[in-house]
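# Descriptive analysis of the structure
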Amino acid sequence: MNSLKYLSTDILVEILEKSLEAKDYDTLNSLLPQLCSMDEDSIKFRIPESIESKLLLVVNDYKLGNLLLNNQVNYILKLMGPNSTIIQLMKDTITYSNQLDTNVELESLLDIQSSSNLNLDEDLVNFNNNLKLLVLILKDDVLRKSISSVIDWNSFLDHLIKIFLNSEENRSDIGNFVFPLLIDQQIFDQKAHQHLDKIWKVLTISFSYFPPNHSIPVNIPGYICRLFDTMMGIDGTSFAHDRMMRDLRCDSKVFQIIQWGLKNFDTTCVKYSYFLLKRIVYFTENFNSLPLQPWTEFYNNNHNSDWDEYFLLFDIAQEPSLHLVEGQISKFGNASKNLHSTWFTILLERGTMNFSAPIRKKVLEYILSIKEPKLLRIIGTNWEYLSDLFIKYLDKAVLYSVPGLGSFVSPFGNLLSEFLIRIVKSYESNSDLNKFYKLIINLLPTFTSRVPIIFVLQGLSDGLEESGKDMDVLSATELLSIIELVSGTRSISMLKNMNARTLISSYFVNIIVRLLSPITVEFDLLCSCVGSLFPTENPLPLGSTDWKLLNTWLAKQFPDRKTKFHLCVKKFIESGITNFSNFNTEEKCTYCFGVMLRCLLTDDEVTTENLQLLVEPLQVYTSKLFQPYTNQELQNRILRTLRDFMEPFRQDKNANIQYPLDSELIVKVIETLNSEFIHPTTLVNIDILLQLVDTTFNMESTIKKSTKIDVLMMVKASAFDCMTRILANTFKYSKQSTSYFLSVYAVTGGLSLASTISKHLQYQLYTTNDLQLINQLFQLELSRPIDADSNLKSILTDVLNRFAIYKYELVHLMTSFTTDLVLKTSLLNDVVMALENATWITAHSLLNLLSYLLNEITEMDYSLIERGLVAGLRLLEESWTASRYWTELVDAYCKFAFHEYNLTCEELSEPMEMVWKKFHVWCESRVRLMQYPATQVYKYWAKGFGNQPNQIALKSLNDHVDWVVDMCLFGPLRDQDVQDQKHEAMIALKVFSPTLTKENIEEMKGTCEWNFWSSDYIVRVQANDLLISLDINNTTHQQIAWNTIESLLKISDQNKLKAKFINTLTQRKTMRMWMSFHLLVDFIPQSECSMIFDRVMGALLKEYVSESRVWIEWIIIRLLIRFHDELVPKFWKFFENLDLKANISTALVTITLHAGKHSIKNRQESFMKEALTRLLPWISSNHFNIRVVAQLTVIEFWKHLIENDYKLLLEQFAHVGPIVDFMKNRQDVAKQIAKCNDFYFIGGDFHPLDDLNLEFIFRGSLTFLGCADDEKISCTAFAKVNPDMSRRIPFGYTNRHEMRSKSDTFQVRKRLLHATSISVDNESEKVDTSFVESTIQRKIIPWERLMETDIDLSSDRVRPNQKRNPLIIVATLVSKLPNLGGLCRTCETFNLECLVVSNLNIKTDPQFFSTCVSAERWMPMKQVQEIELEQYLMEMKTLGYSLIGLEQATRSVPLDTFKFPKKSLILLGKEREGIPTHLLPMMDYIVEIPQFGVIRSLNVHVSGSMIMWEYIKQHQC
């Protein structure tokens, strides 16, 4: 194959044809170049067509399988020449473009010319390969020129553009390869400019035309990168003005594309945009070319030096390592000094898009911490960025975490509120502030979490307060956004509790009254907004701050507000909601009118006269209300309006308002309850009528009592007349009819309401005969009528439930008018049976009735009660998720289940135990649940104390001491939705804290009472209040206390509470157990003290957590002081056990310290004598804690002996004096003893007797121990549960505030103990720290290191062509993965040539990855096993590398004197063993690191790093 010219053409063709058929690519790779180098006449135009088609197949094969060398395709094209095949390829391109479904609108914008379809029959599936061939044709001068005569390049470019715009699979090749060739001046001369204009137009218009997620805009930065050099006139490293086709530095569109790309989520788009920006800056710096046009606002060459810092800051924003970024984020503001402001916001957005969540949060915290007005204005006027900031990044509940336990403050949320306050104050233009509020309020309905909404509204509201700005900003659009947020479809799930609604409503009120423009909104829309802010379940109270704000603002902004209100009400009554687009239901409309009615009256206008004026439109219609010709819909609207107008005022007991209906009209309302009037179409009216009557009778000044009684008698007479006919089956409707159904329902509801009112009036409404008649009525069972209209069926089901509620409420009220026990006893069985078949909607009425019957009946069948307990539990389980009914149901059940009869009935002990345990299980996942049963049992057991104790209650308490212990230990840390519960507590705190006095806040802050959302702590307070109420002189109380002690010790003996860490649930329960035990120590009799002591000491030996062990130590101290003679000898025996753990030995010494200091004086001498004898050897213990506490104890005892003049002991232990003096004078000993003062219970002011009070036990001690705030209970919590202050345990210290200050500041002093305060007296000695502000850490991976400089952004991060320092580190002998990871990181840092290891699989091992920190992605690594090492070393030696061993040997050279050859290979030895002896002779050099200490070796990673650094110092490249 060396020469083919001597072979005939036929032979050459035959060789070529056989090679093609056999796909012999080795032969082709040798044959094709030589064929192309031959003379044209020899072969070039003599290739048969059969071979030509086979050549094209080879091209396709090559493209699919990469089987030919890259340049062979060019040879094939040359062999084919400018024949019909090449021309056909170009025609295929035109045909393909015409067959595409194109975008006519976009083509017209781009002025793309259409051409006729050539109607070719060929299949164009290989068009992608044709494009690759086209690129090769354009690059070849001969081929390109040969087809230029038959191809119109401008028209051909139009077709390529059509393919570019519409063909996803071909777009990349056209943009990356074809477009750059078409603008090449060396190829197309002047036509290149025309091509560029068209291509540039395509790119810029497409960028704006297509959505951001389309593939064209995402790839446009990359396409521009490909065109950059040609457009800017760069040829390699040279530049010429005459070659410049377009100066991108003056094109604002280029920088818009760059900035958009830098903010994109597509990493490739970001890299291209970043590279393009760096190319522009590099061009200006290196070619010093001034633009022919003015600079764009985004770029100015006067500040080129600032770009270097900007690029570093951008790299920081991308860095995934938090420790490298955290200290540098504050430098982002530097980008705003000289560069355009948009570059600063790009840094912020890039940081918030970081792949690392902690870094994203740090960047957001930096943004929210910005205080410079200039930076705030930059952010505040970049509307697109502001929108992205709130929607994309700040609307994440996880950011607003409440750290710690008990703080209930979100630092991030507070940052957001303060940021908004600052940004509001920073605006210089009212128009900008106007736009800001509009933007944020319209964004709020799109939020997915209520927590950020609250902080945003807080910031907006407080910003207005602090800035004092009132403007006409809000329009109807913003009011609709407010309505959507607070009452839209998502508000039910998002604003799931009233605290959140209350808070949001309050913030919105403040915003509305300051920013709403009255002229831009209709009054009915304002009514809708106000009504939405205060829904039925969260009404607006008269006299509240929000009411006053709205009231004052309405009076100021709407002088004619009453007239407007009249018009709205009149329009509604006459036409319904057809003319009110803001109300979706009539109920919503009338309710909003009712709320607005409250806001229209000022303080001095809340009178009957003014109210009559406001409801004047109703007066016209009330006389027609029940006339036969009155339209049913009109009647409904009048009734609803009457009800909703009065409902808000009903809740305000101070409102002296006359009801708009007079007594005569009320009687007419009552008469409509007569069943003759009831009809299915009046279903809606039934409940409205009942509510109207209820409202009327509850307004004290409306009607005289005698008139009310007369009306009640009318109701009774009308209802009984109807009932008589129903029971006698003379009612004119059949039992199957809807009318019959509604009649019974209406009568029952009316009688229930009348019974309630009569009870309120203390009027005996019913006689014995009446009761019997009512009892017969309730034998009726209603079911949904079969003739009910399908539209009524769902409504009737709800009516059925309410009928049951009315029914049992009436039975309840009915029985309260009689003393007939037989009737009540017979009723009990019926009620239990009804409960077993009830739904959770109606069950609360039955449970309330059961509780009442338990109060009334003296003898009953306990099996019925057991059935009721079981049925109630089933209903609770079924209604677990029914938040609407749950609270009412669980309250009713607990009042029944934990009734005093059930608590004292021995036959019910087993089912009651089952109920109690069930609640304990449930409370693990449901907040505030345990408070219901605990409160019931506490109320009953508390009756056993006081001046007239209930002995039965005391007996019940004694029988249930295990329940008391459960309550003492109660307080679960729920894993489920922990953060959500903290958010609830945080929201509740924001709602309730403004209502507290300064004293309240001081008492409650830092305790579990600060959690207004959860009241679990109340259970512990109630249980411990029972314990401290026990009288030590009362025999029954003694028995209760002893049983409780036994129950607590049983838990300890069984070792059920094993904790390893503080503030865990188990550790908290351990503390709670011993805290309650402290309250009962005084009840321990002398006869049992020894047994108790042994069990408590046993608990001490098993306790690992010091914060829990403190309580046991304190109990032992109290026992030793109280039972000195019985227990002290037993205590000393523990000192004889030399196998005790150090923490137990330290505890024994601590107990000795306080028991000795606070013992009775006549026993101190003997105690201290024995203590000094036993402790002196311990002052020299090897264990630090034992030694220090023993030294402290000896010093304190010696001081006590001197102060109390114990002469005999001073003489007997005279040798101790010099020891104490020595310890005091030794600085190290004094420092160690001072550390004991950090712990209150050792060297602090702890007093085991004086500190025995509620304030210290439940709050102060926990502060000293560093326990969570939500574990602490203030003594005021005990006062709230039981105001009686006469407790056995003192309430607190004489000066409780001083003690609390002491405990709070103790922790601060503890943290600052070792802090050094440096005062600078001399001005010259002050350190200049300005360099710190301007210095930016450079330990960041530059983004240009992640991409190839030739624009080839390959995914392969290890660049084979990168110039590296020719040093190879051979670590084959190193086996420990952390060392290998560290070596990999160091090698990459110094840009070494290669790291050799024994197995490349180590790169996936977590131990390796933890120390290499991603360096393996950039560092070339090679695998050489130990058995292959010798051969590898020889190969590298033949390639010119000097072999250098790092070892201590006879011929080793000190590192500091060794000169490294340029090409070096360093062999590292094994850990411990070093380099094997058989490899040492192969080394050209052996180097050692000089060492001067006792240890004669260094860690292999450390040694390798040192030798690498020494090499780099000598050969920096």
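Residues numbered from 1 in each chain as written. Predicted model: local features only at pLDDT ≥ 70, side-chain atom pairs only at ≥ 80, totals over all residues. Heavy atoms only, no water.

## Some words on the packing of helix α11 (residues 168-182) against helix α14 (residues 215-232)
Following both chains from N to C, one finds α11 and α14 inclined at 20°, their axes separated by 8 Å at the closest point. Accordingly, the angle class assigned to the pair α11 and α14 is roughly parallel. The crossing of α11 and α14 is right-handed. Contacts between α11 and α14 involve Glu 168, Arg 171, Ser 172, Gly 175, Asn 176, Phe 179 and Pro 180 from the first element and Ser 215, Ile 216, Tyr 223, Arg 226 and Leu 227 from the second. (Axes fitted to C-alpha atoms, helices over the stretch in contact; angles between N-to-C directions. Helix = DSSP H or I, 4+ residues; strand = E, 2+ residues; numbered from the N terminus. Parallel < 35°, antiparallel > 145°, perpendicular 65-115°, else oblique. Left-handed = near helix turned anticlockwise from the far one by under 90°. Contact = heavy atoms within 4.5 Å.)

## Examining the sheet that holds strand β4 (residues 1392-1397)
Sheet strands line up and pair through hydrogen bonds in the backbone, either parallel or antiparallel. Strands sit in the order β5-β4-β3-β8-β6-β9-β7 across an open sheet of seven strands; the sheet is parallel. For this open sheet the edge positions go to β5 (1421-1423) and β7 (1453-1454), each flanked by a neighbour on one side alone. Direction of pairing for β4 relative to β5: parallel, over a ladder of three bridges. If you follow Val 1396 over to β5, its bridge partner there is Lys 1422. The sheet contacts of helix α72 (residues 1429-1438) involve β3 (1365-1370), β4, β5, β6 (1442-1446) and β8 (1464-1467), and relative to β8 the element is tilted by about 160°. This element, helix α73 (residues 1500-1514), spans β3, β4, β6, β8 and β9 (1485-1488) of the sheet and lies at about 165° to β3. (Pairing = 2+ DSSP bridges.)

## Considering the pattern of salt bridges
Counted according to the given criterion, the structure contains 31 salt bridges. Between Glu 478 and Lys 438 there is a salt bridge whose closest N-O contact spans 3.1 Å. Placement of Glu 478 in helix α26 (residues 476-487) and of Lys 438 in helix α24 (residues 430-443) is noted, with a sequence separation of 40 residues between them. Here Glu 478 falls in the buried class, since its relative accessible area comes to 3%. For Lys 438, a relative accessible area of 24% gives the class partly exposed. A salt bridge links Lys 895 to Asp 891, with the shortest nitrogen-to-oxygen separation between them at 3.3 Å. Highlighted residues: Lys 895 and Asp 891, both in helix α45 (residues 883-897), separated by four residues, approximately one helical turn. A network of salt bridges, in which partner residues are shared, links Arg 1020, Arg 1068, Arg 1072 and Glu 1271. (Salt bridge = Lys/Arg side-chain N within 4 Å of Asp/Glu carboxyl O. Buried < 20%, exposed > 50% of the residue type's maximum accessible area, 1.4 Å probe, protein only.)

## Points about the packing of aromatic side chains
Scanning all chains against the criterion turns up 50 aromatic pairs. A ring pair is formed by Tyr 274 and Phe 311, whose centres lie 5.7 Å apart and whose planes are at 80°; its orientation type is edge-to-face. Taken as a pair, Tyr 274 in helix α16 (residues 267-287) and Phe 311 in helix α17 (residues 304-318) lie far apart in primary sequence, 37 residues in all. In this structure Phe 311 comes out as buried when scored by relative accessible area, which is 7%. The interplanar angle of 80° and the centroid separation of 5.6 Å between the aromatic rings of Trp 307 and Tyr 310 together place this pair among those described as edge-to-face. (Phe/Tyr/Trp six-rings, centres within 6.5 Å; stacked < 30°, edge-to-face > 60°.)

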